[in-house]
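In case you want the letters, here they are:
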Protein chains: 2
Amino acid sequence: MTENTDLKEYWENKPRLLPNVSIDCVIFGFHDNQLKILLLKYKNTEYYALPGGFINLEEDLSDAALRVLEERTGLRDIYLEQFHVFGKTDRRYDETHRQIMAGNGITMKPNHFLMNRFISIGYYALIDLSKAAPKPDGLSDTCDWYDLYKIPSLIFDHNEILQKALETLRLALDEKLVGFNLLPETFTINEIQKLYETVLNEKLVRSNFQRKILSLGILERIEKKMTGAANKAPYLYKFIGE
Amino acid sequence: MTENTDLKEYWENKPRLLPNVSIDCVIFGFHDNQLKILLLKYKNTEYYALPGGFINLEEDLSDAALRVLEERTGLRDIYLEQFHVFGKTDRRYDETHRQIMAGNGITMKPNHFLMNRFISIGYYALIDLSKAAPKPDGLSDTCDWYDLYKIPSLIFDHNEILQKALETLRLALDEKLVGFNLLPETFTINEIQKLYETVLNEKLVRSNFQRKILSLGILERIEKKMTGAANKAPYLYKFIGE
DNA sequence: GCAAAAGTGTTCAAAGTACACCCATGT
DNA sequence: ACATGGGTGTACTTTGAACACTTTTGC
């Protein structure tokens, strides 16, 4: 049985899933002083979407979110936070689903389980972009990073979901920084500052930021980092206890 | 057709609801310097529960929460906030459901829609207890206020849901105070302070609280309130623009 | 020495805390 | 008058923003 036969079988029948509920993951990745978002593009369409999935009948909600994240990035043990449930009655996108499936050579019966209203539970994650290995799902042909401030138009209400995730992230940045997998093992204060500036989309005062971030008491100073540049070498830091 | 026949019919068949999803409402009410919670007690059982409900197929999630609130309190246009989704696989309470139904003379078929895993979306509301007219639902015989710090053991994971709601409320108190319907039309600063102290479960310094709450810029001073007590009369306040 | 970036110090303002004092009210 | 609770003032501490100064590095 080829992989494609599996895929057709899966989508043409009603899988053993929690009906009418989906998960959407806003996966933030940081690199090159840019905050990026992981998006899928469905085969033979111009439809971009957040990585998402469904919940198996015997699967915790949070595990389902972790699974979606792992399937798309290969990463495990990642900090994931639930931020909102989107539940308007007009979350029903029969025609778009039909086109996505058509792009994969799959014909949907009128009573297909996707032909229904769905509520979607939003999760967000923050990762070190360089550690991820993005992988499209069966229906999409690309799974790539997009600059947060150059996001294409997304299917369904995914632009709204992304916006809400970003708001939540901005409010939670300080408290959640420890659990984040957004930075490499060791890093300079300047790198964290760039991260903050990118997430908040505003410039911060270097000297004050330094004190503020150190005062959180979550950083441990390691050795200096000789960059080869004609200036004072910054210290490297890591999160305490890691 | 008697009302009881309707009830039996409703619960013995699969109603047109979003399957496997429920709503639970943590309804906080303030009165007599006490923070209370609205709880149901199911007929002919010792089971206490948060007011809850299901989502009609053609109903927004937030409207469903508002409807549950109105059905139990008679109140409309109330501030409601979604705070968490509870989605563990063990949220499946066949035996308890069976007993609740049995208490109402209803026999559940083995494939009844409640005999399944449910995820539950938590909402919380804050109301002026004296404005509410609690009304049991069809399956319960009481719908009453319980002191927050004397909560009985609740069914399912409702104690956990309540705890999470309280944590969210404590963090959001300042920002959400305006939208709250937790106080009467007009009130004294002391009444708000009692509210804060009850919610936070700690004593606050009177003089400082006064300034802090006034500095929020959301209160408008009305006339004095002659209490008849042997002390200076406090001013009454109302929320600006109400 | 000089430019560039890192690290530290200084100053001022805002916000939060502790506590004292005065004011109004009914007995 | 005085006890009681409401309202305001004052002094101190903490937090945070603005900006100057010093240190380190490679050319």
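Residues numbered from 1 in each chain as written. Chains lettered and ligands numbered in written order. Predicted model: local features only at pLDDT ≥ 70, side-chain atom pairs only at ≥ 80, totals over all residues. Heavy atoms only, no water.

Right, let's talk about the packing of helix 4 (residues 158-176) of chain B against helix 5 (residues 189-200) of chain B for a bit. All names here are of chain B. At their nearest, the axes of helix 4 and helix 5 sit 10 Å apart, and the two run at 145 degrees to each other. The crossing of helix 4 and helix 5 is left-handed. Where helix 4 abuts helix 5, its residues Leu 166, Leu 169, Arg 170, Leu 173 and Asp 174 lie against Tyr 196, Val 199 and Leu 200. Taken together, the residues that form the contact of helix 4 with helix 5 break down as six nonpolar, no polar and two charged. (Axes fitted to C-alpha atoms, helices over the stretch in contact; angles between N-to-C directions. Helix = DSSP H or I, 4+ residues; strand = E, 2+ residues; numbered from the N terminus. Left-handed = near helix turned anticlockwise from the far one by under 90°. Contact = heavy atoms within 4.5 Å. Nonpolar A, V, L, I, M, F, W, Y, C, P; charged D, E, K, R; others polar.)

Under the present numbering, the feature "domain: Nudix hydrolase" (unreviewed entry) in UniProt falls on residues 18-170 of chain A. Between the C-alpha atoms that bound residues 18-170 of chain A the distance is 31 Å, and the span itself is 23% helix and 36% strand. (UniProt positions renumbered as here; feature names shortened; annotations may be inferred.)

All names here are of chain B. Look at helix 4: only 23 Å from first C-alpha to last across 19 residues, short of the 27 Å you get at 1.5 Å a residue. Maximal helix bending in helix 4 amounts to about 45 degrees, located at Arg 170. Looking at helix 4, one finds that the buried residues are His 158, Ile 161, Leu 162, Ala 165, Leu 166, Thr 168, Leu 169, Ala 172, Leu 173 and Lys 176. (Expected span 1.5 Å × (residues − 1). Bend = angle between axes of the 7 residues up to and from the residue. Buried < 20%, exposed > 50% of the residue type's maximum accessible area, 1.4 Å probe, protein only.)

A word on the protein's contact with DNA strand D. Contacts to DNA strand D come from 22 residues, most closely from Ser207(A), Lys232(A), Arg206(B), Asn231(B) and Lys232(B). Within 4 Å of the protein, atoms of DNA strand D come from sugar and phosphate in 50% of cases. Asn231(A) is positioned with one of its backbone polar atoms (N or O) 2.8 Å from a base oxygen of DNA strand D. Here a base nitrogen of DNA strand D and a side-chain polar atom of Arg206(B) are 2.6 Å apart. Here the surface near DNA strand D takes four residues from helix 6 (residues 206-215) of chain B, the largest share from any one element. (Near = heavy atom within 4 Å. Polar contact = N/O pair within 3.5 Å; in protein donor to acceptor, adjacent residues only side chain to side chain.)

What follows concerns the nonpolar core. Taken as a class, soluble globular proteins show a tendency for nonpolar side chains to be buried jointly. Judged by nonpolar contacts, the single largest core of 52 residues is most densely connected at Ile23(A), Ile121(A), Tyr123(A), Ile23(B), Ile121(B) and Tyr123(B). Those residues in contact with Ile121(A) that lie beyond four places of it in its chain are Val21(A), Ser22(A), Ile23(A), Asp24(A), Leu61(A), Gln82(A), His84(A), Val85(A), Val85(B) and Ile119(B). (Core = buried A, V, L, I, M, F, W, Y, C linked by side-chain atoms within 4.5 Å.)

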